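Examining the three-dimensional arrangement
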Amino acid sequence: MANLGSLERAIMDVLWDAGKAMRVRELLVRLNEERELAYTTVQTVAERLVKKGLLERTPYRNAFRYAAVKSRDEHVADLMLEALSASPDRLPVLARFAQGVEEEDALALMEELSRRQRRSTT
């Protein structure tokens, strides 16, 4: 899973925030609040995201609707796991991550790991 370009990210953010499938024209209205884009540019980038497996496209009347395949949380978690898997020795990466994460996030992660451990032992 590759990192996203700025327009790819903007399209994904609009779809994640909307929580529903949207046509290119609807995406364009939201995106043009920040910058002026052409319909064909948004359509091309949406198609690129379909090919990357990040969006799904479904027919709707004489157009298509695009929807995120995964939630924002799932996408970010996948990126983190992909980055972790790139290291042959994961322990130093995990240690560095643990040192750099905010205390509140570290506590939430410890709680989730504890829940995971409890589930696996029952």
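The rules behind each value
Residues numbered from 1 in each chain as written. Predicted model: local features only at pLDDT ≥ 70, side-chain atom pairs only at ≥ 80, totals over all residues. Heavy atoms only, no water. UniProt positions renumbered as here; feature names shortened; annotations may be inferred. Helix = DSSP H or I, 4+ residues; strand = E, 2+ residues; numbered from the N terminus. Buried < 20%, exposed > 50% of the residue type's maximum accessible area, 1.4 Å probe, protein only. Polar contact = N/O pair within 3.5 Å; in protein donor to acceptor, adjacent residues only side chain to side chain. Patch = residues over 30% accessible without salt bridge, like charges linked within 9 Å, V, L, I, M, F, W, Y side chains within 5 Å. Areas by Shrake-Rupley, 256 points an atom, 1.4 Å probe, with all protein chains shown as cover. Salt bridge = Lys/Arg side-chain N within 4 Å of Asp/Glu carboxyl O. 1 Å grid on protein atoms, 1.4 Å probe; cavity = no way out; pocket = protein on both sides within 12 Å on 5 of 7 lines; lining within 4 Å. Points joined across faces, edges and corners; volume = space filled by probe spheres on them. Nonpolar A, V, L, I, M, F, W, Y, C, P; charged D, E, K, R; others polar. Core = buried A, V, L, I, M, F, W, Y, C linked by side-chain atoms within 4.5 Å. Contact = heavy atoms within 4.5 Å.

- Going by what an unreviewed UniProt entry lists, the protein chain is known as Transcriptional regulator and is assigned to Nonomuraea angiospora.
- Turning to the protein chain, the UniProt record has this under Sequence similarities (unreviewed entry): "Belongs to the BlaI transcriptional regulatory family."

1. A few points about the side chain of S87
- Among the structural elements, S87 can be located in the loop between α4 (72-85) and α5 (90-100).
- Of the residues examined, S87 reaches a relative accessible area of 17% and is grouped as buried.
- At 2.9 Å, the side chain of S87 forms a polar contact with the backbone oxygen of D89.

2. Here's the deal with a nonpolar patch on the surface
- Residues V76, M80, F97, L109 and L113 make up a contiguous nonpolar surface patch of roughly 420 Å² in combined accessible area.
- The residue V76 is located in helix α4 in this model.

3. Brief notes about the layout of surface pockets
- Estimated volume of the largest pocket: approximately 730 Å³.
- As for the largest pocket, its lining consists of 21 residues, of which M80, L81, L94, F97 and L109 are closest to the centre.
- Where the lining of the largest pocket is concerned, the elements lending two or more residues are α4, α5 and α6 (103-121).
- When its residues are assigned to classes, the lining of the largest pocket shows 16 nonpolar, no polar and 5 charged.

4. Some points on the nonpolar core
- Membership of the largest hydrophobic core comes to 20 residues, with the highest contact counts inside it found for I11, L27, L31, V42 and L55.
- Contributing elements (two or more residues each) for this core: α1 (6-18), α2 (24-31) and α3 (39-51).
- In terms of residue count, α1 provides more of this core than any other element does, 7 residues in total.
- Those residues within four positions of V42 in sequence are excluded, and the remaining contacts are I11, V24, L27, L28, L31 and L37.

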